[in-house]
Structures are given as C-alpha cells and as structure tokens.
Amino acid sequence: MVLGQLGGSISRALQQMSNATIIDEKVLNDCLNEITRALLQADVQFKLVRDMQTNIKKIVNLDDLAAGHNKRRIIQQAIFNELCKMLDPGKPSFTPKKGKTSIVMFVGLQGSGKTTTCTKYAYYHQKKGWKPALVCADTFRAGAFDQLKQNATKAKIPFYGRGIGKLLGACKNARALLLEIGYGNAGKSYMESDPVKIAAEGVERFKKENCDLIIVDTSGRHKQEAALFEEMRQVSEATKPDLVIFVMDGSIGQAAFDQAQAFKKIVSVGAVIVTKMDGHAKGGGALSAVAATKSPVIFLGTGEHMDEFEVFDVKPFVSRLLGMGDWSGFMDKIHEVVPMDQQPELMQKLSEGHFTLRIMYEQFQNILKMGPMGQVLSMLPGFSAELMPKGHEKESQAKVKRYMTMMDSMTNEELDSTNPKLMNESRIMRIARGSGRQVRDVMEMLEEYKRLAKIWGKMKGLKIPKGGDMSALSRNMNAQHMSKVLPPQMLKQIGGMGGLQSLMKQMGSSKDMMSMFGKGDK
C-alpha cells in the first residue's frame, strides 16, 4: 500500500481530534504535532513540514471562528490543502495524444526500476488505446535489452534494440562467448554499443510503423557520471523527445532532491515516476523532494507486476492518505472492468434480495480485474491503508482465486440456486475432489457466500433511480438504510451518518449507483 504507514498516522491524528469534545488550541496543536511527527518520520523535508504547520495555523485561527463554524471540518480542509500544495508543482506535464506520434525518453539511476517502468508505462497506454513501442538504448548494462525484450514480449508490445553491454563488447573473446550462450551469428550487429545510433534507428523504425507512443529507455549508472549525462544529452538530441521522464527510487528519501536537479540540468525533465512505493516508510521524502524541483509526479510504481502502476493525481492521492477516499477513482476503476452490457438481470436480482454463487463469482472476477486489492480499497472513504498490509493483500487475492477454483467445479444448478439446503454433504465432497481442495475449504467458501448473501439481502430497500441524479430524499433514505447494513467500525471510519450522507452525495448519479452493482451505461 502506497505510504500506508504515513496515511495511517495522519488518519489517527485527525480521528483523535474528531473525538475531542471541544476543539481548542491544545487539540489543534496536538493534531498538528502528530502529523508533523508522521511526515518527518516519512522523511519529508523539515522546511516543507514547518511551512505547512505555519500556514495551517494562519488559516485556522480558532479565536476568529464563530461558534457556528465546523472547526473540525475547517482544520481537516486546511491540512488537505497544505498537503496538496506540498505535492503539487503547479504545472501539468506533456500528455501524449492518440494518433499523433509522441516520443518519451526515460532517464534515471541504475537500479531505480527504469526498464520495468518503461514497459508499465507502455502497457498502461496500450490498455487505453495507444499503439506504443519500446526502444532499448541502454548498451551499458549487460542484459538490459534482454530484460526489455522479455517484458515487452509478455505485454505484446513491439520493441527494438541491440547491444549486449559495453563491458562484454570490450572482451576479446566476446564473439566466441556469444556463440556459446546461443546467440548464433548475431555477432557485430548484436554487439552494437552506440546508444545514440540505436535510439535514432528505433525511433525512425516505429515512426514508419505509425506507432503513436515511442518510449526510449536509456542507460543508468550507480553513480552520477559525466559520461552518463553526455550520453543522455546526445540521445535526447538524436530522438528529440516530447517528454523526458525521470524515474526515481522511492526509497532514497531526501537524496531525491539533488538527484532530480542534477538530471534536470542536463535534459529538460518534464515529469517524474516514483518507483518502489509498495509500503516503503520513507516514500514521503521522495514525493516532497521531487515536488520541490517543480517536476510533476505522473505515476507511482507500487510493485513488480505490470498492473501495480497507478496514476498520480495530487488531490485524490492526499484524500486517500487522509482516509477520505477517492470516489471518482473508484468509479473509474469499476467502469473499466465491469461488463455493463453482460449483466442486464443483475440489478433486478439484487433489488429483490437474490444473491447466487454465480453472482459472487462474477463480482470476484471484477474485483481481480480492478488491480491490487489494497490500492482499490484505499479509494473508499474511511478505509485506512493500514487495514490491508502488503502480505494480507496478497493473501486475500489468493483466497478469492481459491474460491473461484472451487466454484469452477460446481454445476449450473448449484451456481444459480438460492436454496442453502441444496449443498449437501455429497455435493460438497464432489466439489472438493473436483477442485483439489479440502472439504473444510469448500465449507469456508460457502460460509463466505452466506455472509455476503446476508449483506445483499439487507440491500433490498435501496432506492436506485432509473435515470438522472438521486434526489436529496433518496440519498437520505439510502444513507439511513446503509447505516443499518454497514459494520459499526466501518460506519465510524466513514464519519457516521454525516459521512455516509456526504458519500451518497459524492456518488451522485444513477450511473455511479448502478455501476456499483454491475450495471449501467458506459
């Protein structure tokens, strides 16, 4: 979970303030001191933290606030605005356009995850309808081209590159070694070591193939060297990129400031991608330091897998950090994965209180398509990042997949039935044998089904409009209804009835309501 520890600490500080009977100077100072401590522990620069605290105290003058003001809300909003200001450079980065060739060059230190990030970036845009291509201009690191080739092949993205590394190319017996390890007569052309030539060749080739997003991966070094910067400058001149992206390891903390500035002096860095943000406690330093260089962060790498890559948008990110959720991001995720036109009967069944094993299976499929579970759940208001640690997230996904494997061994009658008595001992034993699981595993899955069926049964009275926005009356009725359905702890995290009514207002249109349950217009 991205900055889970920091988010949890800030959420707790706000919660303690909310629990206070009277909001006075002491309560405000205690809250700000707790947030300051959390930010400093996350390696955020001291000056930024001090300025943030000073600005909040100027905005929240308790003596000047009239008795009718919601002091908690004003303090929370001031904290939200200051955190946004800390992370927002105030200018957008270049955005590629479909159908028009854009060249994006990646730079960064070796070991920052640059090559993997290139493929993630290409894969993200491929899913959105772009035609991306990858060019490996890293001829320094042996195996760089093979890594990019492997990643690109897996993602079905065209690629171009040569060179097995300058160090190997300098060896007297390099050609013999190439033959020995199976590269055949690749010889001289494979051992091309001029990154500028390779980059220019790759870009020209993919331009002719009408690729609208050409991504150039450049060499990195363990230390900043004059040779690296000169090479970057030459590759930049040869390819004329529309955007240069600096890829930075999120675990290096405040050292990121000097690194980003050094790269920006040589090539015009227009955006930043921060990698290795999966649960690292020091990630705050990387984010604040890069923001201070006025280069906008555009993506975060949150794991090794292709889909563990999320768009960085300041307001939703801070909202999730404070436990306030990102409802629009959550709805976008649902719109991406839910097959709206394939579930015409689902709304009817749910409104009648029917919840079958087949419906549970389909919703599990949608959950898995939405990406890492912790990342998706953090978009829900009231969800603390600490509630889904990294290990638990993988464990939960594995459990969902186990349940689906067991359901694959069921008959249509069993999947579509709402009669609990149908699942007798002989059926359970057959399902266990068919899925290669223990009988207790099948029993556990059926218990989970009963629990979810009970929750959906309580949803029966929800007012889902057929068109247009929900009326204030419908929102209030739904909030009343949901307050009885949700577990008390979750209701408390959301902010009680007031928070629930605010959530219903955010949900707004019938399209969002229906998307929640698997039906709506695209």
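Residues numbered from 1 in each chain as written. Predicted model: local features only at pLDDT ≥ 70, side-chain atom pairs only at ≥ 80, totals over all residues. Heavy atoms only, no water.

Looking at an unreviewed UniProt entry, one finds the protein named signal-recognition-particle GTPase, with Stephania yunnanensis as its source organism. In its Sequence similarities (unreviewed entry) section, the UniProt entry covering the protein states "Belongs to the GTP-binding SRP family. SRP54 subfamily." On record in UniProt, under Catalytic activity (unreviewed entry), the comment for the protein is "GTP + H2O = GDP + phosphate + H(+)". (UniProt positions renumbered as here; feature names shortened; annotations may be inferred.)

Student: Help me understand the UniProt feature "domain: SRP54-type proteins GTP-binding" (unreviewed entry) in the protein in this model?
Tutor: Mapped onto the present numbering, the UniProt feature "domain: SRP54-type proteins GTP-binding" (unreviewed entry) falls at residues 296-309. Strand forms 43% of residues 296-309 and helix 0%; the C-alpha atoms that close the span are 16 Å apart. (Helix = DSSP H or I, 4+ residues; strand = E, 2+ residues; numbered from the N terminus.)

Student: I keep staring at the confidence of the model for the protein and nothing clicks. Help me out?
Tutor: Parts of the model with low pLDDT should not have their predicted coordinates read in detail. When the pLDDT values of the protein are averaged, the result is 75; 66% of them are 70 or greater. Below pLDDT 50 for its whole length, residues 181-190 participates in 17 contacts with residues either more than four positions away or in separate chains. Here residues 507-522 is a poorly scored stretch, pLDDT under 50, and it has 52 contacts once near neighbours within four places are set aside; other chains count. (pLDDT = per-residue confidence, 0-100. Contact = heavy atoms within 4.5 Å.)

Student: I keep staring at the side chain of Asp212 and nothing clicks. Help me out?
Tutor: Looking at where Asp212 falls in the secondary structure, it is placed in the loop between α10 (195-208) and β4 (213-218). Although Asp212 lies buried, it forms no salt bridge, and the closest oppositely charged side chain, Lys98, sits 7.7 Å away as judged by the N-O distance. A distance of 3.0 Å separates a polar atom in the side chain of Asp212 from the backbone nitrogen of Gly99. Among the polar contacts listed, one links the side chain of Asp212 to the backbone nitrogen of Lys131, at a separation of 2.7 Å. (Buried < 20%, exposed > 50% of the residue type's maximum accessible area, 1.4 Å probe, protein only. Lys, Arg positive; Asp, Glu negative; His and termini not counted. Salt bridge = Lys/Arg side-chain N within 4 Å of Asp/Glu carboxyl O. Polar contact = N/O pair within 3.5 Å; in protein donor to acceptor, adjacent residues only side chain to side chain.)

Student: Teacher, can you tell me more about the packing of aromatic side chains here?
Tutor: Geometrically, a pair of aromatic rings is defined through the distance of the ring centres and the angle of the planes. Counting across every chain of the model gives eight aromatic pairs. With 5.8 Å between their ring centres and 85° between their planes, Tyr121 and Phe299 make a pair best called edge-to-face. Taken as a pair, Tyr121 in helix α5 (residues 114-127) and Phe299 in strand β7 (residues 297-301) lie far apart in primary sequence, 178 residues in all. Residue classification places Tyr121 among the buried residues on the basis of a relative accessible area of 2%. A residue is classified by how much of its surface remains accessible, and Phe299, at 6% relative accessible area, is buried. Measuring from centroid to centroid gives 5.0 Å for Tyr124 and Phe299, while their planes differ by 75°, and the two rings are edge-to-face. Here Tyr124 is found in helix α5, whereas its partner Phe299 is found in strand β7, with 175 residues between them in sequence. Tyr124 gets classed as partly exposed once you look at its relative accessible area, which sits at 22%. Cluster of aromatic residues (ring-pair linked, three or more members): Phe106, Tyr121, Tyr124, Phe299 and Phe309. Of note, Lys98 hangs over the ring of Trp130, and the distance from its end group to the ring centre comes to 5.3 Å. (Phe/Tyr/Trp six-rings, centres within 6.5 Å; stacked < 30°, edge-to-face > 60°. Lys NZ or Arg CZ within 6 Å of the ring centre and 35° of its normal.)

Student: Is there a simple way to explain the nonpolar core in this structure?
Tutor: It is characteristic of soluble globular proteins that their nonpolar side chains tend to be buried jointly. Counting residues in hydrophobic clusters, the biggest one holds 72 residues, and the most contacted among them are Ile10, Leu39, Ile79, Leu83, Phe263, Val274 and Leu287. A total of eight residues in this core trace back to one element, the largest contributor, which is helix α4 (residues 71-87). Apart from residues no more than four positions distant in its own chain, Val274 is found in contact with Met248, Gly250, Ala286, Leu287, Val297, Phe299, Leu300 and Gly301. Val104, Ala144, Ile215 and Ile298 belong to the second-largest nonpolar core, a separate cluster that totals 24 residues. (Core = buried A, V, L, I, M, F, W, Y, C linked by side-chain atoms within 4.5 Å.)

Student: Please explain the packing of helix α2 (residues 25-41) against helix α3 (residues 46-59) as it appears in this structure.
Tutor: Each packed pair of helices is defined by two parameters, the angle between the axes and the distance between the axes. Between α2 and α3, whose axes approach to 10 Å, the crossing angle comes to 160°. On the basis of their axis angle, the class for α2 and α3 is roughly antiparallel. Helix-helix and strand crossings are classified by hand; for α2 and α3 the assignment is right-handed. Within the contact between the two elements, α2 uses Asn29, Leu32, Asn33, Ile35, Thr36, Leu39 and Leu40 and α3 uses Phe46, Val49, Met52, Gln53, Ile56 and Lys57. Residue composition of the contact of α2 with α3, grouped by class: eight nonpolar, four polar and one charged. (Axes fitted to C-alpha atoms, helices over the stretch in contact; angles between N-to-C directions. Parallel < 35°, antiparallel > 145°, perpendicular 65-115°, else oblique. Left-handed = near helix turned anticlockwise from the far one by under 90°. Nonpolar A, V, L, I, M, F, W, Y, C, P; charged D, E, K, R; others polar.)

Student: What's the story with a nonpolar patch on the surface in this structure? I'm lost.
Tutor: Together, Met429, Val439 and Met443 give the surface a local cluster of nonpolar side chains, amounting to about 240 Å² of exposed area. Along the polypeptide, Val439 turns up in helix α22 (residues 439-458). By relative accessible area, which is 39% here, Val439 ends up partly exposed. (Patch = residues over 30% accessible without salt bridge, like charges linked within 9 Å, V, L, I, M, F, W, Y side chains within 5 Å. Areas by Shrake-Rupley, 256 points an atom, 1.4 Å probe, with all protein chains shown as cover.)

Student: Teacher, can you tell me more about helix α17 (residues 357-369) here?
Tutor: Taking 1.5 Å per residue, 13 residues should reach 18 Å; α17 reaches 19 Å between its end C-alpha atoms and fits that length. All of the buried residues in α17 are Leu357, Ile359, Met360, Tyr361, Gln363, Phe364 and Asn366. (Expected span 1.5 Å × (residues − 1).)

Student: Is there a simple way to think about the sheet that holds β7 in this case?
Tutor: Working definition: the strands of a sheet are paired by backbone hydrogen bonds and lie parallel or antiparallel to each other. In space, the eight strands of this open sheet follow the order β3-β2-β4-β1-β5-β6-β7-β8, with mixed pairing throughout. The sheet is open, and its two borders are formed by β3 (159-161) and β8 (309-311), each paired with just one other strand. For this sheet the average axis-to-axis angle between neighbouring strands, irrespective of direction, equals 25°. One ladder, built from five bridges, connects strand β1 (residues 102-107) with β4; its direction is parallel. Note on β4: the bridge partner recorded for Phe106 is Asp217. Strands in contact with α5 are β1, β2 (132-137), β4, β5 (243-249), β6 (269-275), β7 and β8; relative to β4, the strand with the most contacts, it is inclined by about 175°. (Pairing = 2+ DSSP bridges.)

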